[in-house]
Amino acid sequence: MRNNRHSKCVWLAGASALVFGLAAPAAMAQDDSDESPRTLSTVTVTTQKTEESIQDVPIAVSAFDEDALNRLQLAGGPDLVKSIPNVSFTKGNFTSFNFKIRGIGADVVAQSGDAGVGIHQNDIPLTANRLFEAEFYDVERVEVLRGPQGTLYGRNATGGVFNLITAKPVLGEFQADAELTYGNYNTFKGKGMVNLPIGDAAALRVAGSYLSRDGYVDNLTTGNDVDDRDLYSIRATLAVEPTDWARGWISVEHFEEDDSRLRSGKQLCAKDPGFDTFMGVPVTAFDQLATSLGCVDAPLDQSRDRVNSQATLAGGLGILAGLLNGDVNTDPAIADLRKIESAFDPMYQAEQTLYSWKAEADISDNLLLTYLGSYSESSVVSREDYNKASAALNFNETAGPFINPALAPLYGLLFPGGVVTDPELGAANSFRTFDLSGANSEQTTHELRLQSDFDGPFNFNLGAIKVDFESIDPRNPEDGYYVLSNALTALTQINNAAGGALFGGNVPLDTGSTATTTASLFDLSLNGDGGNYFRSLSPYELESFAVFGEGYYDVSDDLQLTLGLRYTDDQKEQDIVNTFLFTPQAAGADPLASQGKLKADFQEVTGRVGFDWTPDLSFTDDSLIYGF
């Protein structure tokens, strides 16, 4: 078993076309003896799919072993921004995140959109991953490569690559480690591993982590703390080395989170009140409903309001249903970012199981054949009040002025005392708006590589990789994006009571809804087939195949040329599932049925050419100059 673990310190290299490797105090390791000289530790990385010293790699890369991660308090992916230049990590309103390197990331909001930075674990690309939620534990190192890195890492590596290398079993040696931490907010962290030798040719390594803490945020409506954490991960890896020319490992990792994590931040707003005249022309009261954008651009210190509710989907339609007369968010915003108002506490659930395996064979003294495969299942769902603010005004007890007069008599019958009974949000006489964002996915990968290690001036790295990925199942009620509001349900109920007068037919409510006064979005009764809520679905499949290769030619002892080529074939399919808010359905019709497919094929040849030069300079013992 090849096992090169260097955990003394980390040496960081960064620049796009020109790098000088100079020893810095942070990269020094010192022996216990006071008289021993300071020496520069070696950090081994696999940024070019082969083990090399980071000081010999002609790539702008930052690498951290486990000691460095702990020392720098880099607990997980979002913390990397504290120690890596040109990196940003942000969370969107949905369940995805945007990891950017040098400004290149994933700004597109689309299921079929590709990230600009590849997320890898043990060199395996993970299209869906839990880098935002999970914490690092029992790792050999974390590598972040500046891009482009398409030749060896392929699609999604224009901005660069994140690669988590987990610690592998050590043959012939028992090891164990545990770490427990307790802090404020009842924070409890636990990490540990045990390495068990199985004879001389195999070993099993089991590692895990756990995090639990109380919430940092107060929900003033329920009186509970929210935005807490309750997550764990466990990993088991079995390594074998049956002969001196063959070795491999297989790993199973499971991550799970179930808590009240807030998916998005609290909204602060400089309210846009709209206008009642335009260029001296009066705007009617009805048309004024459409003159507000909700908020206007303003500095943070001037954003002390709540959003104008009539500019929102549910708020505007609630006025047409007679529930409201205008903006209901008339109170000033609560400036404290750790205080929210929500009828229900948020819920965040994430889970991932990753099976991965690797086999290596020395088919000659100078050729190494590697097979790397994986299968993963990933899911995430988040439910929360995305306004995080309670309405200052209740629903009208009698129909408001903007309802169709012919429908006004139905108002008192359907909503006595202004109380709307929503099948998922319960009975309330005030405005409630929540959203749900979720996705389930599966992925399979297979990669085959052949690498040389000749004594002569030429070496190569050849390979092929196949990735199959699919995400979003309309039959899974937690997939897709919902907007749920009792104002949308009220308008649907008025339409149905009027024989479909508003929307041209009866609009069915969600078939899984309980329709009780104690209903809750969090009781898992939602089926996702009702026309009383907005739901966006984009079932997506990806088949990607690529062949790649790099050749390395030593022009001299200190100058090497690199030529890399890659051919990629991507085939994408996305089902067309119509959004059926307020859409009448005939008896027996299936609103979740696909209405067709969108297909796109991409074939591209990419590559890179460059050099790396290690001159003997008088002012440094170790230097590297490269350009690509």
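These numbers come from a predicted model, not from an experiment.

Cut-offs and rules
Residues numbered from 1 in each chain as written. Predicted model: local features only at pLDDT ≥ 70, side-chain atom pairs only at ≥ 80, totals over all residues. Heavy atoms only, no water. Helix = DSSP H or I, 4+ residues; strand = E, 2+ residues; numbered from the N terminus. Buried < 20%, exposed > 50% of the residue type's maximum accessible area, 1.4 Å probe, protein only. Areas by Shrake-Rupley, 256 points an atom, 1.4 Å probe, with all protein chains shown as cover. Contact = heavy atoms within 4.5 Å. Pairing = 2+ DSSP bridges. Disulfide = S-S within 2.5 Å.

1. Here we look at the overall build of the chain
The secondary structure content of the chain amounts to five helices and 35 strands. The buried share of the chain, reckoned over its 628 residues, is 50%. Accessible surface, the chain: about 28,200 Å² in total, of which carbon and sulfur atoms supply 54%.

2. Structural notes on helix α3 (residues 313-320)
Each turn of an α-helix holds 3.6 residues, which means side chains three or four residues apart point in the same direction. With six of its eight residues buried, α3 lies for the most part within the structure. Of the residues making up α3, those classed as buried are Ala314, Gly315, Gly316, Leu317, Gly318 and Ile319. The elements touched by buried residues of α3 are β28 (433-452), β30 (480-485) and α5 (486-497). Once α3 ends, the next one or two residues include Gly322, with phi positive near 90°.

3. Focus: the sheet that holds strand β23 (residues 339-340)
Within the open sheet, the three strands sit side by side as β16-β15-β23. Their pairing is mixed. Sheet topology places β16 (224-226) and β23 at the edges, where each strand pairs with a single neighbour. Here strand β15 (residues 217-219) pairs with β16 via three bridges, running antiparallel. Within β16, the position partnered with Asp218 by the bridge is Asp225.

4. Considerations on the pairing of strand β32 (residues 540-556)
Across 14 bridges, the pairing between strand β29 (residues 458-471) and β32 is antiparallel. Its bridge partner being in β32, Asn459 is matched across the sheet by Tyr552. Bridging between β32 and strand β33 (residues 559-575) involves 16 bridges; their strand directions are antiparallel. Of the residues in β33, the one forming a bridge with Val547 is Tyr567. Hairpin connection, β32 to β33: the antiparallel pair is bridged by two residues.

5. Topic: the state of the cysteines
Overall, the coordinates contain one disulfide when judged by the stated rule. Between the sulfur atoms of Cys269 and its disulfide mate Cys295 the distance is 2.0 Å. Because the sign of the S-S torsion sets the handedness, a value of about -125° for the bond joining Cys269 and Cys295 places this disulfide among the left-handed ones. Residue Cys269 is located in the loop between β18 (246-259) and β19 (270-272), and its partner Cys295 is located in strand β22 (residues 294-296); the two are separated by 26 residues in the primary sequence. Since its relative accessible area comes to 3%, Cys269 is described here as buried.

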